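Residues per chain are reported as follows:
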Amino acid sequence: QLRLVESGGGLVQPGGSLTLSCVASAVISDHYAIGWFRQAPGKEREGVSCISSSGGSTKYVDAVKGRFTISRNSAANTVYLQMNSLEPEDTGVYYCAASDSSEIMWASVTADYRHLEIWGQGTLVTVSE
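Fair warning: this is a prediction, and the values are worked out from it, not measured in the lab.

> Just to check I follow, could you spell out the state of the cysteines for this structure?
Covalent bonding between the sulfur atoms of two cysteines defines a disulfide. Scanning the model with the defined rule gives 1 disulfide in all. Between the sulfur atoms of Cys-22 and its disulfide mate Cys-96 the distance is 2.1 Å. Taking the sign of the torsion about the S-S bond as the criterion, the disulfide between Cys-22 and Cys-96, at about 75 degrees, is right-handed. Within this pair, whereas Cys-22 is found in strand β3 (residues 18–24), its partner Cys-96 is found in strand β9 (residues 92–99), the two being separated by 74 residues in sequence. Grouping residues by exposure puts Cys-22 and Cys-96 together as buried.

> Teacher, can you tell me more about the side chain of Thr-123 here?
Its place among the elements puts Thr-123 in strand β11 (residues 123–127). When its relative accessible area of 11% is taken as the criterion, Thr-123 is described as buried. A polar side-chain atom of Thr-123 sits 3.1 Å from the main-chain amide nitrogen of Gly-9. Look past the residues within four positions of Thr-123 in its chain and what remains in contact with it is Glu-6, Ser-7, Gly-8, Gly-9, Leu-20, Gly-92, Val-93 and Tyr-94.

> Looking at this structure, how should I read the packing of aromatic side chains?
When we look at a pair of aromatic rings, we describe it by the centre distance and by the angle of the planes. Inspection of the entire model under this criterion finds 3 aromatic pairs. Judged by centre distance (6.0 Å) and plane angle (90 degrees), the rings of Tyr-113 and Trp-119 are edge-to-face. Looking at Trp-119, the relative accessible area reads 22%, which means it is partly exposed. Among the aromatic residues, those joined into a cluster by ring pairs are Phe-37, Tyr-95, Tyr-113 and Trp-119. The ring of Tyr-95 is capped by Arg-45, whose NZ or CZ atom sits 4.0 Å from the centre of that ring. The cationic tip of Lys-59 hangs over the ring face of Trp-106; the distance from NZ or CZ to the ring centre is 5.9 Å.

> Explain the sheet that holds β3 to me, please; I cannot follow it from the model alone.
Remark on secondary structure: sheet strands pair via backbone hydrogen bonds, oriented parallel or antiparallel. If you walk across this open sheet you meet the 4 strands as β1-β3-β8-β7, and the pairing is antiparallel. The sheet terminates laterally at β1 (4–7) and β7 (68–73), the two strands that pair on one side only. If you compare each strand with its neighbour and ignore which way they point, the axes differ by 15 degrees on average. Where β7 lies against strand β8 (residues 78–83), 6 bridges are found, and the strand directions are antiparallel. Note on β8: the bridge partner recorded for Thr-69 is Gln-82.

> What should I look at first to understand the pairing of β11 in this one?
Residues in a regular strand project their side chains so that they alternate between the two faces of the sheet. Only one face of β11 is covered, namely the one carrying Thr-123, Val-125 and Val-127; the face carrying Leu-124 and Thr-126 has none of its residues buried. Judged from the 3 bridges that link them, β9 and β11 form a sheet pairing that is antiparallel. Across the sheet, residue Tyr-94 finds its bridge partner in β11, namely Thr-123.

About the cut-offs
Residues numbered from 1 in each chain as written. Predicted model: local features only at pLDDT ≥ 70, side-chain atom pairs only at ≥ 80, totals over all residues. Heavy atoms only, no water. Disulfide = S-S within 2.5 Å. Helix = DSSP H or I, 4+ residues; strand = E, 2+ residues; numbered from the N terminus. Buried < 20%, exposed > 50% of the residue type's maximum accessible area, 1.4 Å probe, protein only. Polar contact = N/O pair within 3.5 Å; in protein donor to acceptor, adjacent residues only side chain to side chain. Contact = heavy atoms within 4.5 Å. Phe/Tyr/Trp six-rings, centres within 6.5 Å; stacked < 30°, edge-to-face > 60°. Lys NZ or Arg CZ within 6 Å of the ring centre and 35° of its normal. Pairing = 2+ DSSP bridges. Axes fitted to C-alpha atoms, helices over the stretch in contact; angles between N-to-C directions.

Printed below as a string of structure tokens:
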């Protein structure tokens, strides 16, 4: 079973930047698409971004497009989420997830995350003065 571990969360002021990491326990390059999701206090989990198994394609929801960048380091079995121009609305627990289908991952990011089975434990991001 593939395991994912997120890190990099913390407290940052509005307009600041933060980079999250998702480290996999096995090779994910050319095998798994990786997505980022977040859950604000009292809210439902929502999709943020995803990257294809090769790293050749990326997708973003409108709320973060132009501010966040997803990337992967195949040798390190790691996917990153670089977050710039952070806003209080970006506050929440950020999770990464894996799927062997890039199409299913994008559908999960934009519509329904509940079909995904492989998740990390989450890392908390707080954007506040």
